[in-house]
Every structure is written in C-alpha cells, then in structure tokens.
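# Tertiary structure, described
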There are 8 protein chains.
Amino acid sequence: MKDPIEHLKRQCLEVGSIAKLDVDREVSTGIPEVILARGKDAEDVYNLALHLLENKGHVIITKADEVHFEALEGIDAVKDFNRKAGIALLKSKECEKTILGRVAIFAAGTSDIPVAEEARIVAEELGCKAIAAYDIGVAGIHRVLPWITKVAEEDVDVVIVVAGMEGALASVVKSMVDVPVIGVPTSVGYGYGGGGTSALMSMLQSCSPGITVVNIDNGFGAAAAAYLMCKRISKNKEG
Amino acid sequence: MKDPIEHLKRQCLEVGSIAKLDVDREVSTGIPEVILARGKDAEDVYNLALHLLENKGHVIITKADEVHFEALEGIDAVKDFNRKAGIALLKSKECEKTILGRVAIFAAGTSDIPVAEEARIVAEELGCKAIAAYDIGVAGIHRVLPWITKVAEEDVDVVIVVAGMEGALASVVKSMVDVPVIGVPTSVGYGYGGGGTSALMSMLQSCSPGITVVNIDNGFGAAAAAYLMCKRISKNKEG
Amino acid sequence: MKDPIEHLKRQCLEVGSIAKLDVDREVSTGIPEVILARGKDAEDVYNLALHLLENKGHVIITKADEVHFEALEGIDAVKDFNRKAGIALLKSKECEKTILGRVAIFAAGTSDIPVAEEARIVAEELGCKAIAAYDIGVAGIHRVLPWITKVAEEDVDVVIVVAGMEGALASVVKSMVDVPVIGVPTSVGYGYGGGGTSALMSMLQSCSPGITVVNIDNGFGAAAAAYLMCKRISKNKEG
Amino acid sequence: MKDPIEHLKRQCLEVGSIAKLDVDREVSTGIPEVILARGKDAEDVYNLALHLLENKGHVIITKADEVHFEALEGIDAVKDFNRKAGIALLKSKECEKTILGRVAIFAAGTSDIPVAEEARIVAEELGCKAIAAYDIGVAGIHRVLPWITKVAEEDVDVVIVVAGMEGALASVVKSMVDVPVIGVPTSVGYGYGGGGTSALMSMLQSCSPGITVVNIDNGFGAAAAAYLMCKRISKNKEG
Amino acid sequence: MKDPIEHLKRQCLEVGSIAKLDVDREVSTGIPEVILARGKDAEDVYNLALHLLENKGHVIITKADEVHFEALEGIDAVKDFNRKAGIALLKSKECEKTILGRVAIFAAGTSDIPVAEEARIVAEELGCKAIAAYDIGVAGIHRVLPWITKVAEEDVDVVIVVAGMEGALASVVKSMVDVPVIGVPTSVGYGYGGGGTSALMSMLQSCSPGITVVNIDNGFGAAAAAYLMCKRISKNKEG
Amino acid sequence: MKDPIEHLKRQCLEVGSIAKLDVDREVSTGIPEVILARGKDAEDVYNLALHLLENKGHVIITKADEVHFEALEGIDAVKDFNRKAGIALLKSKECEKTILGRVAIFAAGTSDIPVAEEARIVAEELGCKAIAAYDIGVAGIHRVLPWITKVAEEDVDVVIVVAGMEGALASVVKSMVDVPVIGVPTSVGYGYGGGGTSALMSMLQSCSPGITVVNIDNGFGAAAAAYLMCKRISKNKEG
Amino acid sequence: MKDPIEHLKRQCLEVGSIAKLDVDREVSTGIPEVILARGKDAEDVYNLALHLLENKGHVIITKADEVHFEALEGIDAVKDFNRKAGIALLKSKECEKTILGRVAIFAAGTSDIPVAEEARIVAEELGCKAIAAYDIGVAGIHRVLPWITKVAEEDVDVVIVVAGMEGALASVVKSMVDVPVIGVPTSVGYGYGGGGTSALMSMLQSCSPGITVVNIDNGFGAAAAAYLMCKRISKNKEG
Amino acid sequence: MKDPIEHLKRQCLEVGSIAKLDVDREVSTGIPEVILARGKDAEDVYNLALHLLENKGHVIITKADEVHFEALEGIDAVKDFNRKAGIALLKSKECEKTILGRVAIFAAGTSDIPVAEEARIVAEELGCKAIAAYDIGVAGIHRVLPWITKVAEEDVDVVIVVAGMEGALASVVKSMVDVPVIGVPTSVGYGYGGGGTSALMSMLQSCSPGITVVNIDNGFGAAAAAYLMCKRISKNKEG
C-alpha cells in the first residue's frame, strides 16, 4: 500500500474485549496474523483461534502447551498439532501451497530441536521449502560440512541457524555460504551464559558479516523473516 | 562452492605476524574482507589497508577515528573519508558500480546519524541504491509516514532501521511494509536502558514479525546482510 | 496537614504482632491503606482484611491468588472478587461513589489484561471513571487510533498504558494526547528483555515527554497515581 | 485534536538532512519541541536552535555542555544559560508567563542539584511556579519536615523528588503529602547500586502509592510531566 | 587463641564422608557451628544434627523446610521448631542462658517477618535479649518513632533492620540512634529491584554512617554479628 | 535522645542554597557530619568545609581529589592532607584524643591501600587506636597469620578487612578471630567480577558468621561502624 | 591426526533425525562422546544411549534425573547409576581400567557433593585415580590442611576444587600445591552472588596463578580436562 | 612440601608498609612471585621490582603502562620491555633456560595480540617453548587448520586460545586436538556481549570437553597454568 494512511485505517476483528485481531495484517506486513499461545488462557486461545479460522480459513498457533492443545481439540477443522514444536495448525480445508523459496534450518544440538521445528513448520506453512539438519554444532565441525554442500546444491535462499550453547555455529556456517543467515539462540544451557544469553551474544558479536538475529527461542520470528526474503526473491523472479 | 573442503583450503594473505587477510572471502561468503579499525593501532590499520589495496584494488575501513584517518592519508589511492560515519574508502582507481537492489535506511534521531551513515555508505559501496531518512522516531510518528510511501514507490527490497532510544521504530515501520526489516540499535541514550540496551531489547521483543537484528552500532553488519538479500534477489531476477 | 509532626503522631491499628495498619493513611497521603496479598500467608491476609474492614468499612486486596481468595470467602461482607486481576474488594455495605476524574487504560496485548484490569478496578474503586481498551499494541498501530479520539471526546484526565513486550505504546500514545501518561510495564515476554525489562526500559527511555512510570506489573500503583491527579483536578474544579 | 489522523498529518520543519523539527508538537502533545544537546555536535545543536528560534520564538536546550554553550553564544537572541543545570534558554524577546500551577522540587543531596535545577528551570519556563529545597535526604529526615509544611501552605500541585543515593526520599515525602510525587533518580553514588540504579529501584519498589518515576537524570522529563498535570488542573479550574 | 597455628590444628568431627563438623568453632570464632539446612538432603541434615547434638548438647538448624522438620522429629531431644522462621532448636536438656546484650530487630513489612524471626530466635539462642517490632516501614514513618524511644529506654546495643522493598528503613533508623545498625535485605518485592536487590543496594548506598549489611535473607548472619558485638561489650563490662 | 521527635526538631546550618549541614548529627547518630567531596564542585566543598569548621572546630573530608585539595589549601586551619587516601582533616587547633577502642585494618593487596588508609585515618580521627597490616591476601595465607596473633595480643575490638580481588580474606580472618569483622570490597580487579563485584559477593556469601559489609570502596563507612562498636564497648566499660 | 582435514572427514552415527553421534570423537579430541541428559526427553536419551552402547560398548550419561534413570533401566547392559551425582554408566561387560594419573577432588561444603561426585565418577571412569575430600571450605581452613599433605604424599597430578559459596578455596589450595588446580563453581548459595556467580567470579579473580575454571556445576568438564592432563603426563612417562 | 604448616611458616620480604613479597612462593606453588603493575603507583612498582630483583635475581612485571616502564628504566638490570604486551622483564644477568614443555598460543584477531603476547612471553620466561599463531578466528576457519597440523607435529602439550569476539575458537580448536585447551577471553568487541563477556561465556558454555578458562585479558594466568602442566609432564618424563 503506497499511502500509509491506508494502513492506519484497516479494520480489526473484535474478539470480545480480549483482542482485536488484525485480519488484514498480511496485506500491510506480508505476514498473516499468528496466535502466540504462551501467556494466554486456554479459553482465550480457543476463542482467538475460532474467530481467526472463521475469518481467514487457516490459523497458526505457536508456543502452545498441553492445556492449549486440549482446548483446541474442540475446534472443528483440519488440525495438525506438533507437540514438540508447540505448534497447532488449523484449516477449514486442506489446500495447495506454492513454494516461494528454499530455507535451510540447522540446529546445533538435540535440545535445540523444538525451536528448530517451530521454524521449520512455520516456514513450510508460509510457503517455503525447508531443508533441516540437526545436531551439527561446532564441537564436531565435520558434521556441518555435508550440509554446506546441500545449501549450494539446493540453491538455498536463506539459512536459519538454531543454537543454544554455542552460537558460533552461525559464524561458521556463514563463513561458508554466500546467502543471508538468521541466528536463533535457544534457552538451552546452564551456568554462566545459560538460558540463551551466550548464544545470543555470540551471534551478535560474530565476525562473519551477513548474520542477523531474532530473540531467544523465537523460531517463528526467524521463519517469518526468512519467508519475507523468499517472497521478495520470488516476486522479482516472476517479474 | 559446493564442496566445503574448498572453503577450507582457500589461501590467506599474511600481513607480518599481525593478520591473515582473507582475500577470497567474497567467493565463499558473498562479502569482501573489510577492516574494522576500532581496537587496532594506526600502524596496523595502515598495513592491513595497504596489503588489501594492493591485492584487491579497493578497501573499506569501518569504525575509524582521527588517528586512523591520519595514518591512512599516507596511502596513495583514491580516498573517500566520511568522518561522521568513521568510514574510509580506498581504491586504486574509480570504477562503475552495478545496482543490485534498493535499501531504505531510517534513523530515529539526529544522534543516530553516524551509525545510519555507516550503513548507507557500506550498502552503496557494496552495490545497493540507498534511500535515507533521518530523525523520524516514534515520538512523532507522523514524520515516518511519508517514508512508508517511499518504500512502496521505490520498490525497496529491505529496510534498515537505526534507533538508540526507542527501538520501536522498527516495529512501527515493519507494521506498514511487507519487506524484511533489519534493526540496528545505537549506543545513544543514558540512564536505565541506555547505551543501546533498551533499543536492542525492544527490537528483539518486537511483536511485528519480519524483523531481524544486528548488534549495537553495527551499521556495517546491517548493510552487509541487506546487501546479501539484494544480491540474492538480483541473481534470481537475472535468472 | 500543614504540620508534619501531625503526620508523625498518627495512630496505627495493631494486628497481633504481624502488622500495624495505617488506618488514617488517607488523610496524610490521599490514598487509603490497601493490602498487598503476594508474599503473605492466607491467614495473615484474612486477619489484615478483617481488621481493616471493621475499622474502615471497605478493603482493597491486590495480587491475591486462589489460596487468598479462599480464605477471604470466610469473611462476612459484600464481596467482589476479580480472579483474573487478582483483586478482592470487601465492603460492610454497598455505597455510592463520586466520580473525581476520568482515566483511560490501554493495554498492548491480551496477556497484559490482568495488570490492566488491576489498574481499572482500583481506579474505579478509588473514584475515577475508567475507559479501557485492550490489544492495541504498536505492531498494529491502527488499532490505537480510535482510542485517541476517545481520549479527546471523553475529556480524559490521565492515560495509563500497560504493555509487556513493546513499551513503545506509551510513547506513541503520548505523542497524540496532551494529558499525562503513566506507563505500566508487565512481566510478559520471554528471551532477552523478557519479564518486563524491555518494556520498563522503553518507557523510561521514551522521547515523548510527559510519561512517568511505575514498576513492572504494578497496576495498583498506576491507578493510585492517576487517582491523585484526578483528585487534585477535581479539588480545583470545585474550588 | 479529536481526529488522530490530524496528528499524523502535521508538518515538520526540515533542518538540512539532520532533523525534522516537530514545530507543532505542543498542539498534539501539550509540550513544545525541546532540544536535547547530549550526543549532538555543537554545529547541529546550533542549527536546530536557530531554526526553532526563528519558527517558534523561544527555545529550550537541555544537557548542554561547554562546547554547546559556546556555539549557542553566536545566536542573536535573549539568552539565559545555566551551566550547572546544562540548560540554555533562547528567546526572540522577553515575554510574560502565566502561572499554571505549583511544583515543589526537593533534592536529597548537594550532588543532586544539577538535575534538580534542570527540573526547576524547565518547570518555570513551561509556566509553573517552582518551590525548591535541596540537601534534605533521609539520612537527616528532620531537614525535610519544614518543607512538608510548605507543600501544604503553598497548595503545591505536584512534588518532584530528586535523589541519587537514597531514593527513599520519594517514599518518605509521599507518606506525608496527598498530591502526586514524581521521582527522579540521579547518577550520583558509587559502588554497588551506584550511577542511579539504587535510587531508581527504590523509587519503583516504594510502598508509598502515588509515586511515578522518570529515568535517571531526566529532570526535564519530570518537569514536563508535572507541567502537564498542572495544565490539566488549571484547565479545569478555569472551566 | 593467640597462636593462629592453634586454630589450624583444631579437630573436626567426621560425619560419614559428607561433612567435617567444626565442633570447636566457638573457641576460634566466637560462634558455635550451626547447620544450614537449605540445599541439603533431609537425611544429611538429620545426621549432622544427631552428631552435633551428641557432641555439643545443643544444635541450631536454619533455613529448614517441612521435609527437614519431619526428619528432625525423629531425633530424641528437647525440640523447638519455628516453621515461619525455618528454625529448629535441639537440646539434650533445657538450660539457663546468660544475657550478654540487647538487640532490637525491626522489620519493615509483614512479609519480612520470617527473616526477622530467624534473626530474633538466633540472637536469643546465642544469649541476647531481643526487642522486636514489625511492619514499621518508611511508607508510614510514624510507626517507627515509638521504637526509637524504646532503643534508648532499653539501652539497646545494636539494631538489626530487616527490609525487602524499602531498605531505607535502615537509614532512617540509623539517623535517630547512636548504636551500630545491621541491615538485612529480604527477597520480598517483585519487578525491577525485586528479590532483595533494591533493598541491598539501598542499605549499601545509605548516607547514614554506621550501617553494615549482610546478604539477602541472612537473618542468622545478622544475629551472629550482633551477638559478637554484644559479647565484646559484655566482656569489657565484666573486665 | 529518648524522644524521637527531638531528633526531628534539630536545626541545620544552611550553606547558601546548596546544603543544610547537620551540625548536631553526632548527638543523634553518634557520628559527626563528614563531607563527601566526590561529585561536588571544589567551590562547594570549600564552602561546606568553611562553615563546618567555624561551627564545629574540626572537619573530615573524604574522597577528595587534587582539585578539592587545592581549594581547601585556602582555608586557614591546622590542615592534614592524605592524598593517597583522599582525606583532608581541618581543625581550628590541635587537640587531644581519647582512645575508645582498638580497630585492626587488614588489606589484601597493595592496590587496596588507599581505601584501607581512608578507614584507618577516619577510625583514628574519631578516637580509635588503629592497627594496620597490608598485602596479606589469601593467595599467600601465611602472611596473615602473625596478624591474627596481633589481634589477640592487642585485644582488638573489631577487624576491618579491605580486599578487591579476593574478598575471602574476610572469611579466613573471621575463622580465626572471635570479634566482629567488617568487610570493605574495593574497586580493584579487572575482567568478570572486577570493580569490586567479586569481592562484595564473596563477603556477602561468606560461610564465616560474624561478618558484615559496607559498599565498595567505602572505607569511611567501615570506620564509622567500627567506631560505633568501640564507643558502645567503651561506654559499658566506664559504666 | 596430523592432517586436520582428516578430522573433518570423520563419520557420525545417525540416531534418527535427532542426533549425529560422534563415535570417533576420542581419536580427534582425546575424550569419548558423552551424553548430557539435561534438556533431553527420556526417549531421546534412551535412544542415544542404546546406539552408543552398541557402537562403543560403554556409555557415560551426565545430569540425568529420575525420569532418565527410569528409561535407562530398560537397557540391557551392566548398569551403574549414581543418583546423587546424576550419572549413569552403561557397559556391555565389565572391563579392567588402566590408571593414567591421580586427581584430587575437594569440595567446600556438603551441598557441593553432587557436583564433586560427578567429577569423581567421570575421572575414575576415564581412567584416573580419584582422591576425594568434602566439606573443607575456607570458613574452617584447618580442615583443608591434612589434604594438602595428601596431595604431596599421593603425588597428585591435578586438583579439582568444587565450591558454591566461597570460591576462594581454589586460591587457598593453589597457594599450597605446585600442580594445576581446576575450579568448579556450584549453583549453591542464595542472595546476591548466589547460584554460583560469586564462586565463579572468585575463582576467575584469584591471585593464585595456576587456576583455570569450568562453568558452574560442570563437574564433567573439570574431570575431562583433568583427564587430558593426566593422559599427557602418562604418555610422556611411558615415552 | 608435605607438611602444610611449613607453607604457613614461610617468610615474606617486607617492602616498606606497602607489600609483603612472597619470595619463596615458587617452592609452595610452583610459580614465582610476579608483579601486577595495573592499579599500582609507578613508585610502588619500582620499589617492588627493586626488592624482588635483589632477592631473586629476576622479575616479571605484567600489565605495565608507559608510566610504569618509565620508572623501571631507572633500575640497573638486564631489561626487556614489550610495550604491546605490557610486560617488563628484569634480570641481574642473562641466564640459560631449560625447556619444560611446548605451548601453542592461538589468537582469533589482530586486536587480541597484546593478550596473546602476554601469554607467550610469560610462558617462554617460565621455561616453555611457545608456538604462536594470530588472526585465525572462526569467521574464516580455514586459517586455523594448518595450525592444527602444527600442534601434532610439534607434539604440543597444551594450547592457549585467546579470543575477544568469538570465543568459539576454543571449541573448534579443542574439537581437533587431544591435549588440554586453556581459553583466554579478551576485552575486545563492543555492543551487547562486548568487553569479553561473550567470549568468556562461549568458552564456559563450550560443548568440547577439555577446555578450562581464565579471566578476561588474563594472559599471564593462562601461561602460568600451562607452565604447571608442562612442568608436571616434564617431571614425570624425567622420573
């Protein structure tokens, strides 16, 4: 939209007094409204999902726990729950997806998989092809090398690196690929620098230019940014 | 390079015992070797610049201060110094540049300009068209609106948002554009949350998906990431 | 009281050895004694409530959890419990309230509602008219605009802004209203800057003059300050 | 302005490419545009001041240091510099001021005076009567008592408490006055909790309801908020 | 002991491989060995208590929780459990105590009582007369005044001030008494500065000379230090 | 003073508008008014010293730097400046001092001497006999042993331990003496835990009961607390 | 391996998509692959253990909790579980071990025993003789002295010091032994500096050269480093 | 020394009242007394050096700045100053050195060289052969590979890794060598995680077992620990 005043006039969908769903968010921002379950009552999540489903036909819910999943079971829709990743997908009906681009998702350790899976599922749901490889941290750098080859072979557009103890995986990967890398620190690790702090710092301090970062455990955010890049590339390809 | 072992065999340019310049970095990583002057002696920066100039024909030096600029004056080259941004550009001779993509650079306040200029100059030097607008922070949100129009009109590929006191400018901008946004917090601001901490946190906590972040004051890093996105888009366009 | 020595001579109500209730606090400070349940045994809260009820005829209890509510059930009084907000109101009998002023309460997200409700109920209980609007954060700034109109239409005296992830809502609101704004960060949000830190910093760093802040999750404190402003305005109106 | 879109259409005054002065800020926000000198070049401050002076006829510059004062000497205007407070006032001509309300400004120690003076001068400049008392910290609580009397006698509308080592002065004052108190921590004090951290925390943790806080050393912010309260009171008085 | 080598030769009581009880600690350090239950298994605490009881005839256990109390029930001794304070006292038989000095213990709020009680019980157990007053924080400073009188009337030797939200109570008390004050911050309070941080900082930043501090929640440590002062005074009195 | 209201009625000595000297502080708090030079202008320190000298006949100034010393040179008095400790003593005339007690002052390293000297001079000036031993840190524990003997031989009343890198000296000393120990961390040391943080934490975490602590670099505070203990002992001795 | 490319070509053992076990890690790094159970599902730990057992014949699992132990019970192997230390050892069959060197393991307090035991078991399992002594902290320094004698008598190669409240035990031990000391801070201790922070800082700030440190609670890491030193010594001995 | 009491009886060399030099430290701890210049007056450093030189015949001074070097020029000795590393070596006469072992010293960037050189010079001075390689950080991992070969070829006993921005170099190196690695974070790097914090955390969080760490910028400490390992190896070799 060229006139920003248009953005400021778009309507919201009132869900009782608890929320104002931004149903036209995709037009303005390129990314559909998504429900973050963490910190919300099961009842609120249920209501938000129901309204969004009715209005848009598909819903992505992130950071859901067992209580949220249980409430969502009650909704009549095509449902796809990934409990490890904390993601619920609801659709009125199955539908085809166009592939806009290719995203590689690398996780340093086994404990980083839930966040990596969050990124993978969201990226796929938004319309990217995802190539995932897990447990390839810098303590055994040989495990990452075959995947560098894969990045070139598959003509990957952007790489998401998920790591909780050694954020340096982002640096090492970036030093061998010529596409943007998005780092996702995870809240894995204990002691000094635990909870994702060390990984976040390492990624921000990286000497490999071309890395940008999202917040700790924000797999969704990384996927959203990767998707926007793919979409932009795709748009230009078509044009 | 498909075979990662190739990356691991590339040669360095030894500069005495002080450095091993990665002259073929661009092939592996998509971004040429750049010299970070901060924390280095003027003499070391001079030597690094000289070797890189001889080898590659052009040099970008960031975070330079007056002492560095003085030392660099002694080098025989086409020189372009931007003291506010702390950037020195050295070239054997002037040359044409191809435009790979378009980057908008928005700065929240007057004090954020040095970092924004660092991003602008690097982006332009790497081959992007830069559209810059400064002093458009959220305390007067009307100032940003004309620039949202500009993003659409100029078909901008990626927006860099530079802000030191209120990182929320990244959120607000992202809520009105459908391209990726890269946030650069700056070390402006005093008291609790000063030195860039508040801005970095705001950008990482943002509820607007599609924002990724570089470290405080890292204008160069944002430009490098933006450039890689543009390059990827450009490559697909040609293809 | 003009003579401060008078303040220093006011009597307390001893509740066993556990507390000295400041029953005349309202005369000195403009705000009645209120019971903060968090960190206190259910038994202690019960005793404090009982003594205060007998002495003053009405009691406000904040940050109560289920255990506290259960204990308070045993008190013979007109009771009004809001479990989402963690507030219990006890009165010997229902009574009329005079409206001293108008307070708008804006919450950025659905997860911020408990703290916003704490502020709303306390403000109303102290004698203000409250105008509440929730889920209007800066990631979709168009949602806040109708409420700016409301502030003018309703001749609001002070605005309370409650936000946990993006404290910038306070800045954005303040940039469009000419009355004082009180910011309340909430302990919503995870990762770096989570738990309310980012929101508190953003509000303190704000470039919109006219914002003051209370501590994270302190909805009661914001309501108390807003009430004092309204009371002062009201007093002058009458005078 | 009832229609928020009006706020979003107001014009800025371009000062080269370095700033967009919000000359109609007062209409939207109740407070005129003010120049924060810290972090800006003397030349930039000079240019901003000149433009604002021409456009509005009066300018407030805060956090100025000797270099800024020197540059401002060159401007042709009625000048009033307070070097201890770091404030420069420029006016095309002297003019009358209406008194909108009364603000008491209390500072805990001698080292807190610069910030207290910043608050005092700004409050007076915006149109409040200021009553100042310095060196009255809680380590000698008897020193504050006569000023509590003063608050009542002068019918003060709001009290600003400035303190760097013991923020508790805000609590103690608030426990004896029935008007709002605004706390300003200062970056005085060394060791653990130094630099204003302890004072900021104390004020936010205070058990005296009715206190709100601005950031460390932000005397201007406290004065602006106090002024808005006075203005609101004054408006109602007239009405 | 004049010869420090003597200190270094004293024997320990081995409790399996889990501990080396310093049964002669009192001779060297003036304070008997005490068992900190927190962080230890119930079984370990039981064994430590049993060995110490057999060897010394009396045992003080601090920071005990319900699991510890249950295990200690099994020991055959004169038992005195204070669950609020988390203290268990075990003795082979009741015995007389000499009063070495007088300690006043002031707590700011109701939530600070557990730590204050820990200090009171330990001080009494070691041989001091304790004068306790709770809920006398600086938000209602008149509540503390009668207790200042008490300090003088009872000829108190040292005052312990326990406070979690406003550590300034230590400053205010110290400004009116001429004996040493020991501050004990407590882990009460939420938000910024919560968990005792604000109180600890306030006490360390205090402008009232004569205050020293122990760690957050360390009621035992304050009592031990107060006891040593009383003992020293008592020794001189006799001499 | 038994009646606290008396404390609250004591008069101050106004020094212009910059300070209210608490000339009768000694009666209320046991410690005379002392001037902290850090953070104050030389002119202000000069004026405060002059007023206090005229009123009380003797002045202690702490944390003075060269600029303060120069200003104080201009005062006509018996002067004693210790530049390493940053202390200036001014007296109308030399006078006898009574010895109230004995304080040992131990410093861990050579870099801790300035703070230790601050403590020593203040303790002596207030009326204690000081026994000082420097460079006796735990990295060479044999160096401290002869001084443990000294504590017993000289019948020391309280030990002040000054340490910047290893605060454990306080624990080790306390484990061999039966009098109270006051810890003073110093801002010596670099890297993680530097600036006194590690030493402050170590002293607060100490497992040797009987240690209390003052803030980083606060040699004056430690001396003041030690003096109050000695005074209390001395009073009882006489009585 | 002299050619680092060899390191980069070693194969991994794929465990579903959850892990890539580095079965030849010992050849490259000197230490076998070990499973960190914390942060992993019981099912994942079970699968990793099973694969590693089949491939290597023995498995070390650290930081296991009851849920992990239960899952591991199902594996058919010689099992040795130490629940206090959180360690599970699995072997196809019992086998002889060669002793490569001698490691002393000292723990400051009873609460530090779990981490010390983790270090002891891992060191023994890797092939060292372990000499353990617990509850010998600096608050009773005489308890450590007999163990200094032991270090010399047993010709210990390296000492591991485990401490949670007073990290200074590492300094004190190092000041009396002439072999390397490895410090392991533990997450014991509460209040300021709790959770291992104070101990980690103390060990890093230590003035006793020859101390190196691992992260908080990382008993395994200390044992691994100690083992490498012993192995190096042993290798040279044989040669 | 088998009897620890012997350690506790060793004599010190008194240097005025400023220091007690531990001249027999080498016997007890394996490492000679070294002078840390930082934080000490030039005069004190001069005196300490003079006394130590007279007593031991050789002196190592670390963290010296220009003022210290100037003072040391006045001492009559064989002098060797390395200004980049901040090290001064003084000897009565040149003497042969035995080589006890081999230490590799790797630095990630050019800015890390001063700390790496501190480690190198100290290691050589104590009696190790040093193999140094600088500017080999993980952003260009191919630069480190030839040095892994070197470690094997030269039969290196221990590797010191010095890194300020990306501490992961320690992990990557450790994953390819089978000897102990000592990490030294440096105070290089700006923004979040700057000043060495990120590097320290990365090294402590490393998933490569066998890494231990010293404090930020502590090149001396790393060299001392490496030397003790070499000495132990050497001793066994001889035996």
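Before reading further, recall that the structure is shown in the block above.
Residues numbered from 1 in each chain as written. Chains lettered and ligands numbered in written order. Predicted model: local features only at pLDDT ≥ 70, side-chain atom pairs only at ≥ 80, totals over all residues. Heavy atoms only, no water.

### Focus on the sheet that holds strand β5 (residues 78-82) of chain D
All names here are of chain D. Taken in spatial order, the 4 strands line up as β3-β4-β6-β5 in an open sheet, and their pairing is mixed. Two strands bound the open sheet, and with one partner strand each, they are β3 (35-36) and β5. Note that β3 and strand β4 (residues 58-62) share 2 bridges and pair parallel. Bridging from a neighbouring strand, Leu36 pairs with Thr62 of β4. Helix α3 (residues 42-56) rests against β3, β4 and β6 (87-91) of the sheet, and its axis sits at about 150 degrees to β4. In this fold helix α4 (residues 66-73) packs onto β4, β5 and β6, with an angle of close to 170 degrees to the strand it touches most, β5. (Pairing = 2+ DSSP bridges. Helix = DSSP H or I, 4+ residues; strand = E, 2+ residues; numbered from the N terminus. Contact = heavy atoms within 4.5 Å. Axes fitted to C-alpha atoms, helices over the stretch in contact; angles between N-to-C directions.)

### A closer look at the sheet that holds strand β4 (residues 58-62) of chain H
Residue and element names in this part refer to chain H. Ordered in space as β3-β4-β6-β5, the 4 strands form an open sheet in which the pairing is mixed. In the strand order of this sheet, the two ends are held by β3 (35-36) and β5 (78-82), each with one partner. The strands touched by helix α3 (residues 42-56) are β3, β4 and β6 (87-91); relative to β4, the strand with the most contacts, the crossing angle is about 150 degrees. Contacting β4, β5 and β6, helix α5 (residues 113-126) runs over the sheet at an angle of about 20 degrees to β6.

### Re the pairing of β5 of chain D
Moving residue by residue along a regular strand, the side chains alternate between the two faces of the sheet. Residue and element names in this part refer to chain D. Looking at chain direction, β5 and β6 are connected through 5 bridges and run antiparallel. Looking at the pairing, Lys79 lines up with Leu90 of β6. The turn joining β5 and β6, which pair antiparallel and follow one another in sequence, is formed by 4 residues; a positive phi near 70 degrees is taken by Gly86.

### Examining the side chain of Asn215 of chain B
Structurally, Asn215 of chain B can be placed in the loop between β11 (211-213) and α9 (219-238). For Asn215 of chain B, a relative accessible area of 3% gives the class buried. Side-chain polar atoms of Asn215 of chain B contact the backbone oxygen of Tyr190 of chain H, separated by 3.4 Å. Beyond its immediate chain neighbours, meaning those up to four positions away, Asn215 of chain B contacts Leu204 and Gln205 of chain A, Val184 and Pro185 of chain B together with Tyr190, Gly191 and Tyr192 of chain H. (Buried < 20%, exposed > 50% of the residue type's maximum accessible area, 1.4 Å probe, protein only. Polar contact = N/O pair within 3.5 Å; in protein donor to acceptor, adjacent residues only side chain to side chain.)

### Structural notes on the interface of chain C and chain D
With 51 residues of chain C at the contact, the number on the chain D side is 51 residues. A buried area of about 4,000 Å², summed over both sides, lies between chain C and chain D, and 63% of it is on carbon and sulfur atoms. Where chain C touches chain D, the interface holds 6 salt bridges. In this structure, Asp155 of chain D engages Lys235 of chain C in a salt bridge whose closest nitrogen and oxygen atoms are separated by 3.2 Å. Remark: the boundary between chain C and chain D carries 12 residue pairs in polar contact (both at pLDDT 80 or more). Of all the secondary structure elements, the ones that give two or more residues to the side of chain C that touches chain D are α1 (4-9), α2 (25-29), α6 (145-153), α8 (197-205), β11 (211-213) and α9 (219-238) of chain C. In terms of residue count, α9 of chain C provides more of the side of chain C that touches chain D than any other element does, 10 residues in total. A breakdown of the residues in the side of chain C that touches chain D according to their chemical character gives 27 nonpolar, 11 polar and 13 charged. (Buried area = accessible area lost by both parts, 1.4 Å probe. Salt bridge = Lys/Arg side-chain N within 4 Å of Asp/Glu carboxyl O. Nonpolar A, V, L, I, M, F, W, Y, C, P; charged D, E, K, R; others polar.)

### Observations concerning the pairing of β4 of chain D
All names here are of chain D. The buried count for β4 comes to 4 of 5 residues, which makes it a mostly enclosed element. Crossover β3 to β4 through α3 is right-handed. The pairing of β4 with β6 spans 4 bridges and is classified as antiparallel. Residue pairing in the sheet places Ile60 in a bridge with Leu89 of β6. (Right-handed = clockwise from strand over helix to strand, strands pointing away.)

### Let's talk about the interface of chain A and chain B
At the interface, 51 residues of chain A touch 50 residues of chain B. Both sides together, the interface formed by chain A and chain B hides about 4,000 Å², and carbon and sulfur atoms give 63% of it. The closest approach of N and O atoms between Asp157 of chain A and Arg232 of chain B, which form a salt bridge, is 2.7 Å. One can count 12 residue pairs in polar contact (both at pLDDT 80 or more) joining chain A with chain B. Elements with a contribution of two residues or more to the side of chain A that touches chain B: α1 (4-9), α2 (25-29), α6 (145-153), α8 (197-205), β11 (211-213) and α9 (219-238) of chain A. Here the element with the most residues in the side of chain A that touches chain B is α9 of chain A; it accounts for 10 residues.

### Points about the side chain of Lys63 of chain D
Its place among the elements puts Lys63 of chain D in the loop between β4 and α4. We classify Lys63 of chain D as buried; its relative accessible area is 12%. Engagement of the side chain of Lys63 of chain D in a polar contact is seen with the side chain of Glu118 of chain D, the distance being 2.9 Å. In this structure the side chain of Lys63 of chain D is engaged in a polar contact, spanning 2.6 Å, whose partner is the backbone oxygen of Asp217 of chain D. Residue contacts for Lys63 of chain D: discarding those within four places in its chain leaves Tyr190 of chain B together with Leu36, Ala37, Arg38, His68, Gly86, Glu118 and Asp217 of chain D.

### As for the environment of Lys174 of chain F
Residues and elements named next belong to chain F. Residue placement: Lys174 occurs in helix α7 (residues 168-174). Residues Lys174 and Val159, spaced 15 residues apart in sequence, show a C-alpha to C-alpha distance of 8.6 Å. Polar side-chain contacts of Lys174 include one of 2.8 Å to the backbone oxygen of Val177.

### Things to note about the relation of the copies chain A and chain B
Screw-axis analysis of chain A against chain B gives a translation of 0.0 Å along the axis, an RMSD of 0.0 Å, and a rotation angle of 180 degrees. In the structure described here, the two chain copies are related by an operation that fits a two-fold rotation axis. The residues that chain A uses at the interface reappear at the interface of chain B in 98% of cases, marking a shared surface. (Least-squares fit on C-alpha atoms with pLDDT ≥ 70 in both.)

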